[in-house]
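# Tertiary structure, described
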Amino acid sequence: MRSQNIIITESMLASNGKRFINYLIDLIPQYAISFGIGYASVYLAEYIGYYGLSDFLLDISFAEELLFNYVLLIFYYVLFESLTSKSLGKYATNTKVILQNGQEPTPKDILIRSFCRLIPFDALSFLGTKGKGWHDSISKTYVVDSEAFEAAKLLANELDQIGHLS
């Protein structure tokens, strides 16, 4: 069976409520990793007796902390979404990232999508439209309800098979 392009309809799109839940759930591991790295670094510095590292981490500026969190955000989304088209939040809400033609996104697509999350006020872009933010529009991706998308994909494949002999 060949890969079929699927037309994405508005009924397949994840609701803004699910998108917000995805965001909240995805914040938890990002904060946990950030705090974990910070605490582990300070304790390691204390253990080996090298206090320069712990002093550096305790005196980190707001800009450095922001840069670290941005790098962590990009790493988190690229890792999860390029491997599975889902983040932890998307697993919880049964949604996934797809391209405009219904295909799985490539790691490059996910990298673009992840960098676009750094646009200031990206979260506000969800106020006007259902399930489509700037990081979706720019990267030409959608977040869809997995069940609705899989049903449409199955229907498209069944229609494609009509008239074909086994």
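All of the points below concern the structure found in this document. (Residues numbered from 1 in each chain as written. Predicted model: local features only at pLDDT ≥ 70, side-chain atom pairs only at ≥ 80, totals over all residues. Heavy atoms only, no water.)

Another aspect to go through is the pairing of strand S2 (residues 141-145). With five of its five residues buried, S2 lies for the most part within the structure. As judged from the five bridges shared by strand S1 (residues 95-99) and S2, these two strands associate in the antiparallel manner. Opposite Lys96, over in S2, you have Val144 as the bridge partner. (Buried < 20%, exposed > 50% of the residue type's maximum accessible area, 1.4 Å probe, protein only. Helix = DSSP H or I, 4+ residues; strand = E, 2+ residues; numbered from the N terminus. Pairing = 2+ DSSP bridges.)

Moving on to the packing of helix H3 (residues 62-84) against helix H5 (residues 107-116). Axes are the key here: two packed helices are described by the angle between their axes and the distance separating the axes. Between H3 and H5, whose axes approach to 9 Å, the crossing angle comes to 150 degrees. Pair H3 / H5 crosses with right-handed handedness. The residues of H5 that touch H3, namely those facing Leu73, Ile74, Tyr77, Val78, Glu81 and Ser82, are Pro107, Ile110, Leu111, Arg113, Ser114 and Phe115. Each residue belonging to the contact of H3 with H5 can be placed in one class, and the counts come to eight nonpolar, two polar and two charged. (Axes fitted to C-alpha atoms, helices over the stretch in contact; angles between N-to-C directions. Left-handed = near helix turned anticlockwise from the far one by under 90°. Contact = heavy atoms within 4.5 Å. Nonpolar A, V, L, I, M, F, W, Y, C, P; charged D, E, K, R; others polar.)

Turning to the side chain of Ser139, a few remarks are in order. Structurally, Ser139 can be placed in helix H6 (residues 134-139). For Ser139, the side chain forms a polar contact with the main-chain oxygen of His135, separated by 2.6 Å. Separated by 2.9 Å, the side chains of Ser139 and Thr141 make a polar contact. (Polar contact = N/O pair within 3.5 Å; in protein donor to acceptor, adjacent residues only side chain to side chain.)

On the surface, a cluster of nonpolar side chains totalling about 700 Å² of accessible area is made up of Leu44, Tyr47, Ile48, Tyr50, Leu53 and Phe56. Secondary structure elements with two or more residues in the nonpolar patch: helix H1 (16-48) and helix H2 (51-58). The element contributing the most residues to the nonpolar patch is H1, with three residues. In this fold, Ile48 is placed in helix H1. The exposure class of Ile48 is exposed, given its relative accessible area of 56%. (Patch = residues over 30% accessible without salt bridge, like charges linked within 9 Å, V, L, I, M, F, W, Y side chains within 5 Å. Areas by Shrake-Rupley, 256 points an atom, 1.4 Å probe, with all protein chains shown as cover. Salt bridge = Lys/Arg side-chain N within 4 Å of Asp/Glu carboxyl O.)

Their axes nearest at 10 Å, the elements H1 and H3 cross at an angle of 125 degrees. Put simply, H1 runs oblique to H3. As for how H1 packs across H3, the hand of that crossing is right-handed. Taking contact as the criterion, the partners of Asp26, Pro29, Gln30, Ile33, Ser34 and Ile37 in H1 are, on H3, Phe68, Asn69, Leu72, Leu73, Tyr76 and Tyr77. Here the residues of the contact of H1 with H3 sort into eight nonpolar, three polar and one charged. (Parallel < 35°, antiparallel > 145°, perpendicular 65-115°, else oblique.)

Evaluation of the coordinates by the stated rule reveals three aromatic pairs. Taking 6.2 Å as the distance between ring centres and 20 degrees as the angle between the ring planes, the aromatic pair formed by Tyr31 and Phe35 counts as stacked. Here the residue Tyr31 and the residue Phe35 both occupy positions in helix H1, the gap between them amounting to four residues, near one helical turn. Exposure remark for Tyr31: the relative accessible area of 48% places this residue in the partly exposed category. Look at Tyr76 and Phe80: their rings are 5.0 Å apart centre to centre, the planes differ by 55 degrees, and that puts the pair in the tilted class. Taken together, the residues span about one helical turn, with Tyr76 and Phe80 both in helix H3 at a distance of four residues. Site record: aromatic cluster; members linked through ring pairs are Tyr76, Tyr77 and Phe80. Residue placement shows Arg117 over the ring face of Tyr77; its charged tip is 3.6 Å from the ring centre. The side chain of Lys132 reaches across the aromatic face of Tyr142, ending 3.8 Å from its centre. (Phe/Tyr/Trp six-rings, centres within 6.5 Å; stacked < 30°, edge-to-face > 60°. Lys NZ or Arg CZ within 6 Å of the ring centre and 35° of its normal.)

The next subject is H1. Between its first and last C-alpha, H1 extends 48 Å over 33 residues, near the 48 Å set by a 1.5 Å rise per residue. Taken as a whole, H1 has its buried residues at Arg19, Asn22, Asp26, Pro29, Gln30, Ser34, Ser41, Val42 and Ala45. Gly49, located one to two residues past H1, shows a positive phi value of around 80 degrees. (Expected span 1.5 Å × (residues − 1).)

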